[in-house]
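# Working through the structure, step by step
Listed here are the chains, written in short residue letters.
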Amino acid sequence: MTEYQHITGDEAVLRDGTIKLHGAEGFEGMRKAGRLAAEILDALVPLVKPGVTTQELDDVVREMTLDAGAVPATLGYRGFTHSCCISINHVVCHGIPSSKVIKDGDILNIDVTPLLDGWHGDTSRMYVAGDASIKARRLIDVTYECLMIGVDMARPGIRLGDISAAIQKHAESHRYGVVREFCGHGVGRLFHDSPEVVHAGKAGTGPELKPGMFFTIEPMINLGKPAVKMLNDGWTAVTRDKSLTAQFEHSIGITEDGREIFTESPKGLHQPPYQG
Ligand code: MF3
Ligand code: CO
Ligand code: CO
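Source: prediction; values computed, not measured.

## What about the overall build of the protein chain?
- Scanning the protein chain from terminus to terminus reveals 4 helices and 19 strands.
- Over its C-alpha atoms the protein chain spans a radius of gyration of 17 Å, differing by no more than 12% from the 19 Å that the globule rule assigns to 276 residues.
- For the C-alpha atoms alone, the extent of the protein chain along its principal axes is close to 50 × 45 × 40 Å.
- Sequence-distant contacts, at least 24 apart, represent 70% of the contacts inside the protein chain between residues at least 6 apart.
- For the protein chain, the computed accessible surface area is about 11700 Å², with 52% contributed by carbon and sulfur atoms.

Dropping the structure here:
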């Protein structure tokens with residue numbers, strides 16, 4: 001049984017398995033954190049190119065986050081020591097920034113989560129360095145469509161499983177694999193909260209969406225099979241068949257008649273190619 005909890009104050013910080021229903025204060029907090037997150041991703045657009053290292057991009061994320069009076073939520077999170085995740089080509093998620101040099105044709109996901117005034121703005125986008133293959137660009141397009149199909153459906157009265165099923169249907173209609181091991185999540189004062197938002201599932205199942213629910217949708221879609229493998233660093237997840245993979249993520253809040261996207265790009269840089 002799903003339990004919901006109307007948030008009026010500090011109880012929002014407890015990880016108690018309930019689905020939190022936030023009020024105006026929460027929307028205000030998430031709007032600011034989400035906007036900063038989106039601005040950081042916007043600022044990275046001209047910087048992602050062949051020759052740059054993922055550590056250099058991480059440095060920019062850290063500086064921009066701190067300059068805005070926020071803290072990168074990933075820094076020190078369960079032992080993660082960087083300000084964002086950068087996942088290149090067959091890396092599904094949680095790629096660790098390093099001295100690795102980005103090369104022509106690489107596709108990468110950058111996932112940032114500034115913690116601003118107690119609220120987490122969690123968002124990621126794909127970037128293309130130089131020229132990517134048609135196959136790679138098509139995967140990126142469809143993955144963005146998967147995210148936005150879910151976002152656009154989100155409103156009071158539907159169930160989370162409706163979103164999962166729609167995303168899965170779209171991805172599989174292109175014969176892509178939907179990653180099962182990682183999912184979206186409640187977000188707010190906590191980085192990762194209830195409910196789990198899976199990207200493959202059955203319509204009509206799962207918790208009903210209610211106004212004030214905050215969560216992410218963040219489908220990971222593989223050009224090949226859905227299976228993933230963890231690398232020995234304990235973080236990096238890769239596709240088992242080494243196929244390319246893509247992901248986009250938004251943090252959203254359910255309103256009376258739909259949803260607010262907290263992490264929408266202020267510059268309209270929603271998906272590659274970003275140069276209009
Ligand atoms: N931002 C990721 C998410 O979308 C979580 C990254 S946790 C880290 O939920 F520790 F790997 F950074
Ligand atoms: Co997330
Ligand atoms: Co994220």
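## Some points on the coordination of the cobalt ion (ligand 3)
- Asp111 (OD), Asp111 (OD), Asp122 (OD) and Glu249 (OE) make up the full set of protein donors to the cobalt ion (ligand 3), lying at 2.0 to 2.3 Å.
- Of note is the cobalt ion (ligand 3), whose 6 donor atoms meet at the metal with angles of 60 to 165° in an arrangement that counts as irregular.
- The sequence pattern describing where the donors of the cobalt ion (ligand 3) fall on their chain is D-x10-D-x126-E.
- The distance between the cobalt ion (ligand 3) and the cobalt ion (ligand 2) is 3.3 Å, with Asp122 acting as a donor to both metals. Taken together, the residues Asp111 in strand β6 (residues 107-112) and Asp122 in the loop between β8 (119-120) and β9 (123-128) connect sequence positions 11 residues apart. There is no split in this pair, since Asp111 and Asp122 are both buried.

## Considering the pattern of salt bridges
- Evaluated as defined, the whole model comprises 12 salt bridges.
- The salt bridge partner of Asp16 is Lys20, with a shortest N-O separation of 3.7 Å.
- Assessed through its relative accessible area of 38%, Asp16 is described here as partly exposed.
- Lys20 sits in the buried class, given a relative accessible area of 4%.
- Residues Asp59 and Arg62 are paired through a salt bridge, measuring 3.1 Å at the closest nitrogen-oxygen approach. One end of the pair is Asp59 and the other is Arg62, both in helix α2 (residues 54-67) and 3 residues apart, which spans about a single turn.
- On the accessibility criterion, Arg62 (23% relative accessible area) is partly exposed.
- Among the charged side chains, a network of salt bridges with common partners joins Glu28, Arg31, Lys32 and Glu260.

## Section: the sheet that holds strand β14 (residues 220-222)
- Taken in spatial order, the 3 strands of this open sheet run β10-β14-β17, and their pairing is antiparallel. Strands with a single pairing partner mark the edges of an open sheet, and in this sheet they are β10 (177-178) and β17 (245-247).
- Examined bridge by bridge, β14 and β17 share 3 bridges and lie antiparallel to one another. Bridge pairing in β17 links Ile221 to Ala246.

## Re the UniProt feature "domain: Peptidase M24" (unreviewed entry) in the protein chain
- In the numbering used here, UniProt assigns the feature "domain: Peptidase M24" (unreviewed entry) to residues 28-256.
- Annotation note: span residues 28-256, helix share 28%, strand share 25%, distance between end C-alpha atoms 16 Å.

## Overview of the packing of helix α3 (residues 134-153) against helix α4 (residues 160-173)
- Contact pair α3 / α4: the axes reach a minimum separation of 9 Å and the direction vectors enclose 155°. In terms of orientation, α3 lies roughly antiparallel with respect to α4. Seen along the crossing, α3 lies across α4 with a hand that is right-handed. Where α3 abuts α4, its residues Val142, Glu145, Cys146, Ile149, Gly150 and Met153 lie against Asp162, Ile163, Ala166, Ile167, His170 and Ala171.
- When grouped by side-chain class, the residues that make up the contact of α3 with α4 number 8 nonpolar, 2 polar and 2 charged.

## Quick word on the side chain of His82
- The residue His82 is located in the loop between β3 (71-72) and β4 (84-88) in this model.
- For His82, a relative accessible area of 13% corresponds to the buried category.
- Side-chain polar atoms of His82 contact the backbone oxygen of Pro97, separated by 3.2 Å.
- Ignoring anything within four residues of it in the chain, the contact list for His82 reads Gln55, Asp58, Thr74, Leu75, Ile96 and Pro97.

## What to know about the coordination of the cobalt ion (ligand 2)
- Those donors, Asp122 (OD), His185 (NE2), Glu218 (OE) and Glu249 (OE), are the protein atoms that reach the cobalt ion (ligand 2), and they lie 2.0 to 2.2 Å from it.
- Each donor residue of the cobalt ion (ligand 2) belongs to the same chain, with the gaps between them written as D-x62-H-x32-E-x30-E.
- For Glu218, a relative accessible area of 8% gives the class buried.

Cut-off values and rules
Residues numbered from 1 in each chain as written. Chains lettered and ligands numbered in written order. Predicted model: local features only at pLDDT ≥ 70, side-chain atom pairs only at ≥ 80, totals over all residues. Heavy atoms only, no water. Helix = DSSP H or I, 4+ residues; strand = E, 2+ residues; numbered from the N terminus. Rg over C-alpha atoms; globule rule 2.2 N^0.38 Å. Contact = heavy atoms within 4.5 Å. Areas by Shrake-Rupley, 256 points an atom, 1.4 Å probe, with all protein chains shown as cover. Donors = N, O, S within 2.8 Å, 3.2 Å for Na, K, Ca; no water. Tetrahedral: all angles 85-135°; square planar, octahedral: opposite > 155°, others 65-115°. Buried < 20%, exposed > 50% of the residue type's maximum accessible area, 1.4 Å probe, protein only. Salt bridge = Lys/Arg side-chain N within 4 Å of Asp/Glu carboxyl O. Pairing = 2+ DSSP bridges. UniProt positions renumbered as here; feature names shortened; annotations may be inferred. Axes fitted to C-alpha atoms, helices over the stretch in contact; angles between N-to-C directions. Parallel < 35°, antiparallel > 145°, perpendicular 65-115°, else oblique. Left-handed = near helix turned anticlockwise from the far one by under 90°. Nonpolar A, V, L, I, M, F, W, Y, C, P; charged D, E, K, R; others polar. Polar contact = N/O pair within 3.5 Å; in protein donor to acceptor, adjacent residues only side chain to side chain.

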